[in-house]
Amino acid sequence: MTETKPVIAIVNVVASATIEQKLDLVDITKKFPDVEYHPEQFPGAVFRLKTPRTATLLFGSGKMVCTGAKSEEMAIKAVNIVVQNLRKGKIKIKNEPIVTIQNIVSSINLGGKVNLEQAARTLPRSMYEPEQFPGLIHRMLDPKTVILIFASGKLVCVGARIEKDIHRSVNQIHSLLEEKNLMVYN
């Protein structure tokens, strides 16, 4: 049994979406002056929302990428709000957006310190080069996530597509660190 319960916070959810039709980005920027579009620098337009606080990239192909949401539901809601706003601005959109969660990023506090040197020698699929980066990079197979482990006991988990996978990954790595006596509690 682990000594502490990890504190998990979702910090970013990235979702892709499509409306399966072309978008006229120049027309969108005329109707929405706050939308940023500099095609000479980047082919997408940036549609920012205040609530939920997100940025959605719009592409001429009708594809979108939403970042900044704090949950899967919030990412889906943000894409739907962007589409609603476009329709209100007389941009004709026939279909409802099809949204796919691509990546959930979370930060975790294990409540104790981690012996990274020892962990690097003990944990499979791990890489630790302190001259390059202060954290240990651990690749988990199931669920397929990458966990950055820092000596402070703080973690960053990336690559999950559903929130349940974050909890599974964190609980697995925490149990493994405990089992191998790599955790230090004050």
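These numbers come from a predicted model, not from an experiment.

Enquirer: For this particular structure, what's the right way to read unusual backbone geometry?
Expert: With the exception of glycine, most residues fall at negative phi, and the peptide bonds are largely trans. Geometrically, the link from threonine 51 to proline 52 is a cis peptide bond, its omega value of -10 degrees lying close to zero. With respect to the element layout, proline 52 can be found in the loop between strand 3 (45-49) and strand 4 (54-58). The omega torsion across aspartate 142 and proline 143 is 0 degrees, close enough to zero to call that bond cis. Inspection of the secondary structure puts proline 143 in the loop between strand 9 (136-140) and strand 10 (145-149).

Enquirer: I'm lost on helix 4 (residues 163-179) in this one. Help?
Expert: Side chains that are three or four residues apart share a direction in an α-helix, a result of its 3.6 residues per turn. Here helix 4 is 17 residues long and its end C-alpha atoms lie 25 Å apart, about the 24 Å a rise of 1.5 Å per residue gives. Within helix 4, the full set of buried residues consists of Asp165, Ile166, Ser169, Val170, Ile173, His174, Leu177 and Glu178. Asparagine 181 lies just past helix 4 and shows a positive phi near 55 degrees.

Enquirer: It is not clear to me how the domain arrangement of the protein chain should be interpreted in this structure. Could you clarify?
Expert: The domain architecture assigned to the protein chain consists of domain 1 (14-101) and domain 2 (110-184). Here domain 1 and domain 2 have C-alpha centroids that lie 34 Å from each other.

Enquirer: Would you explain the pattern of salt bridges in this entry?
Expert: If charged atoms from side chains of opposite charge come close, those side chains can pair. Enumeration according to the criterion identifies five salt bridges in this entry. Notably, a salt bridge pairs arginine 48 with glutamate 36, separated by 2.9 Å at the nearest N-O pair. With arginine 48 in strand 3 and glutamate 36 in strand 2 (residues 36-37), this pair connects stretches of sequence that are 12 residues apart. For glutamate 36, a relative accessible area of 34% puts it in the partly exposed group. Each of the salt bridges in this network shares a partner with another, and the network as a whole consists of Asp142, Asp165 and Arg168.

About the cut-offs
- Residues numbered from 1 in each chain as written.
- Predicted model: local features only at pLDDT ≥ 70, side-chain atom pairs only at ≥ 80, totals over all residues.
- Heavy atoms only, no water.
- Helix = DSSP H or I, 4+ residues; strand = E, 2+ residues; numbered from the N terminus.
- Expected span 1.5 Å × (residues − 1).
- Buried < 20%, exposed > 50% of the residue type's maximum accessible area, 1.4 Å probe, protein only.
- Domains from an automatic or database assignment.
- Salt bridge = Lys/Arg side-chain N within 4 Å of Asp/Glu carboxyl O.

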